[in-house]
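# Fold and contact review
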Amino acid sequence: MTDRRLLRGGTLVTLDGAAGYGLIPAGAVALEDGMIRWVGPEADLPDSYANWPATALEGRLVTPALIDCHTHLVYGGSRAAEFELRLTGTSYEEIARQGGGIAATVRATREASEADLIAQALPRLDAMLSEGVSMVEIKSGYGLDQDTELRMLRVARRLGQLRPVRIRTTFLGAHALPPGWTGTRAEYLRDICLPALRAAHAEGLVDAVDGFCEGIAFSASELAVVFAEARRLGLPVKLHAEQLSHQGGIALAADHGALSADHVEYATEDDARRMAKAGMVAVLLPGAFYALHETQAPPVAAFRAHGVPMALSTDANPGTSPLTSLLLAMNMGCTLFRLTPEEALRGVTTHAARALGLTDTGRLAPGLRADLCIWNTDHPAELSYRIGFNPLHTRIFGGSA
């Protein structure tokens, strides 16, 4: 049975162009079988849609649904104690070297069953959906052994069955060395990470491959073997790059045609040129910048100058960005990184979709998925302007509210 629905009398934010909001006042959107069929001024509505069941929007704002394109949503335990340590001046690197940081979450995640991980992740996911998120990328990387890495990815897939949301999974076995590891980093990648990647891919659990290129994690030359294996498996890559220092990760990512480089606080003008040439997205993560009290912001001006699309995400994780509000991430992107509200909105829609390699969402246009948000406001800048306020009226996922 055909499912048809007409939204009438809203202010549409189509983002269907290279610049500007693509505003259509007094607009209408026709939805059919989970797809957008028509978008435009209500005065131009074709007769063929006029008798479809209609919802009056009463001037409310309509945008594409939001996309959280970089999260570590599945994990065990909490790292609230580290929050206290950082407030006393202990650095993230010092905490990691003392057995905290990622290693602490690895221990808690290994001890958690699939049921435990689902129970802990669902409230975080529900918080995101309540703000209009329709798609979430979820990384592994808190197992650092094959069994736990696969468990995390299975849980991520399961979340997409338990809630009306699209989940994209990313294998992040090259996140850190496991607690107690006595071999070299190259040996860990060869003996643990790559076999786990192959097993996860064979089980259909991986949509992309990521790595952490940093002094406390892996070098660009070490990560090259992971990206080479991803290419052999036909998987796209992305990279945590230039977050705490400049390690040459963007050059590696660009050489491998990566979808994105994420964090990028220490990226250079030359990195921006490389990313533009490679068609990469810069994923900005202001939650981590805020939580870690960082002072060096990403080179937004260079990204603008070279035409590098900028996505925004929560980086939801237990240690360095315990953030599940994409609306707050938009405000942080504007306040901390000086993005415009339009850039922030594109960062959680159009450019976030691109960072995940997707072309069927992120705009209001015929032929795209009917994933959209109706907001109790009439101007898109409101979504970035407010702090701690959720103006969502209705989230529509696949054409259904």
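Under an unreviewed UniProt entry, the name given to the chain is Imidazolonepropionase, and the source organism is Salipiger marinus. You can read under Function (unreviewed entry) in the UniProt record for the chain the words "Catalyzes the hydrolytic cleavage of the carbon-nitrogen bond in imidazolone-5-propanoate to yield N-formimidoyl-L-glutamate. It is the third step in the universal histidine degradation pathway." Reading the Sequence similarities (unreviewed entry) entry of the UniProt record for the chain gives the comment "Belongs to the metallo-dependent hydrolases superfamily. HutI family."

## Comments concerning unusual backbone geometry
Positive phi outside glycine occurs at leucine 15, with the angle close to 55 degrees. Along the polypeptide, leucine 15 turns up in the loop between strand 1 (4-13) and strand 2 (23-32). If you check the backbone angles, glutamate 242 has positive phi at about 50 degrees while not being a glycine. With respect to the helices and strands, glutamate 242 occurs in the loop between strand 10 (238-241) and helix 8 (249-255).

## Quick notes on the environment of arginine 8
Along the polypeptide, arginine 8 turns up in strand 1. Taking the relative accessible area as the measure of exposure, arginine 8 reaches 25% and is therefore partly exposed. With 20 residues separating them along the chain, arginine 8 and alanine 28 place their C-alpha atoms 4.4 Å apart. Among residues more than four places away in sequence, those in contact with arginine 8 are Gly27, Ala28, Glu42, Leu45, Ala50, Ala54, Thr55, Ala56, Leu57 and Glu58.

## Points about the sheet that holds strand 12 (residues 281-284)
The strand order across the open sheet built from 8 strands is 6-7-8-9-10-11-12-13, with neighbouring strands paired in parallel fashion. Strand pairing shows two members of the sheet lacking a second neighbour, strand 6 (66-68) and strand 13 (310-312), which therefore form its edges. Ignoring strand direction, the axes of neighbouring strands in this sheet form an average angle of 25 degrees.

## Digging into the packing of aromatic side chains
Taken as a whole and assessed by the stated rule, the structure comprises 6 aromatic pairs. With a centroid separation of 5.0 Å and an interplanar angle of 75 degrees, the aromatic rings of phenylalanine 289 and phenylalanine 337 are classed as edge-to-face. Of this pair, phenylalanine 289 sits in helix 10 (residues 286-291) while phenylalanine 337 sits in helix 12 (residues 326-337), and the two are 48 residues apart along the sequence. In terms of burial, phenylalanine 289 and phenylalanine 337 fall into one category: buried. Taken together through their ring pairs, the aromatic side chains of Trp38, Tyr49 and Trp52 make up a single cluster.

## Description of the packing of helix 6 (residues 185-202) against helix 7 (residues 220-233)
Packing of helix 6 against helix 7 leaves a shortest axis separation of 10 Å and a crossing angle of 20 degrees. In terms of orientation, helix 6 lies roughly parallel with respect to helix 7. Regarding helix 6 and helix 7, the two cross each other, and that crossing is right-handed. For the pair helix 6 and helix 7, the contacting residues are Arg185, Leu189, Cys193, Leu194, Leu197, Arg198 and His201 in the first and Glu222, Val225, Val226, Glu229, Ala230, Arg232 and Leu233 in the second. Looking at the contact of helix 6 with helix 7 residue by residue, the classes come out as 8 nonpolar, 1 polar and 5 charged.

## Brief notes about the environment of threonine 148
Checked against the element boundaries, threonine 148 lands in helix 5 (residues 146-162). Classification of threonine 148 as buried rests on a relative accessible area of 2%. Reaching out from threonine 148, the side chain makes a polar contact with the side chain of aspartate 145 at a distance of 2.7 Å.

## Regarding the side chain of serine 313
When you line up the elements, serine 313 lands in the loop between strand 13 and helix 12. Serine 313 gets classed as buried once you look at its relative accessible area, which sits at 0%. At a separation of 2.8 Å, a polar atom in the side chain of serine 313 contacts the main-chain carbonyl oxygen of histidine 70. Each residue touching serine 313, except ones within four places of it in the same chain, is listed here: Asp68, Cys69, His70, Val283, Leu284, Leu285, Pro286, Leu326 and Ala329.

## Concerning the environment of glycine 17
Turning to its location among the elements, glycine 17 is positioned in the loop between strand 1 and strand 2. Given the relative accessible area of 40%, glycine 17 is considered partly exposed.

Procedures and definitions
Along each chain, the written sequence defines residue order, and numbers are assigned to residues from 1. Whole-chain, interface and lining totals are the exception, using all residues; otherwise, since this is a predicted model, local features are given only for residues with pLDDT of at least 70 and side-chain atom pairs are given and counted only at 80 or more. Just so you know, side-chain values use all the structure's heavy atoms and leave hydrogens and water out. UniProt positions are given in the numbering used here, feature names are shortened, and annotations may be inferred rather than shown by experiment. In this description a helix means any DSSP run of H or I spanning at least four residues, a strand means any run of E spanning at least two, and both kinds are numbered starting from the N terminus. Each residue gets one of three labels from its accessible area relative to the maximum for its type: buried under 20%, exposed over 50%, partly exposed in between, using a 1.4 Å probe on protein chains only. Any pair of residues with heavy atoms lying within 4.5 Å of one another is described as a contacting pair. Between any two strands, at least two bridges found by DSSP are needed for them to pair. Axis lines are fitted through C-alpha atoms, for helices just across the contact stretch, and the angle between N-to-C directions can take any value from 0 to 180 degrees. Classification of ring pairs rests on two measures: the distance between centres of Phe, Tyr or Trp rings, Trp counted by its six-membered ring, which must be within 6.5 Å, and the angle between planes, read as stacked under 30 degrees, edge-to-face over 60 and tilted in between. Our angle categories are set so that under 35 degrees counts as roughly parallel, over 145 as roughly antiparallel, 65 to 115 as roughly perpendicular, and the remainder as oblique. Handedness of each helix crossing follows the sense of rotation of the near helix against the far helix: counterclockwise by less than a right angle gives left-handed, clockwise gives right-handed. Lys, Arg, Asp and Glu make up the charged group, whereas Ala, Val, Leu, Ile, Met, Phe, Trp, Tyr, Cys and Pro make up the nonpolar group; the residues left over, Gly among them, are polar. Each polar contact in these results corresponds to two N or O atoms within 3.5 Å; when the atoms are within protein, one needs to be able to donate a hydrogen and the other to accept it, and residues that are neighboring in sequence are counted only if both atoms are side-chain atoms.

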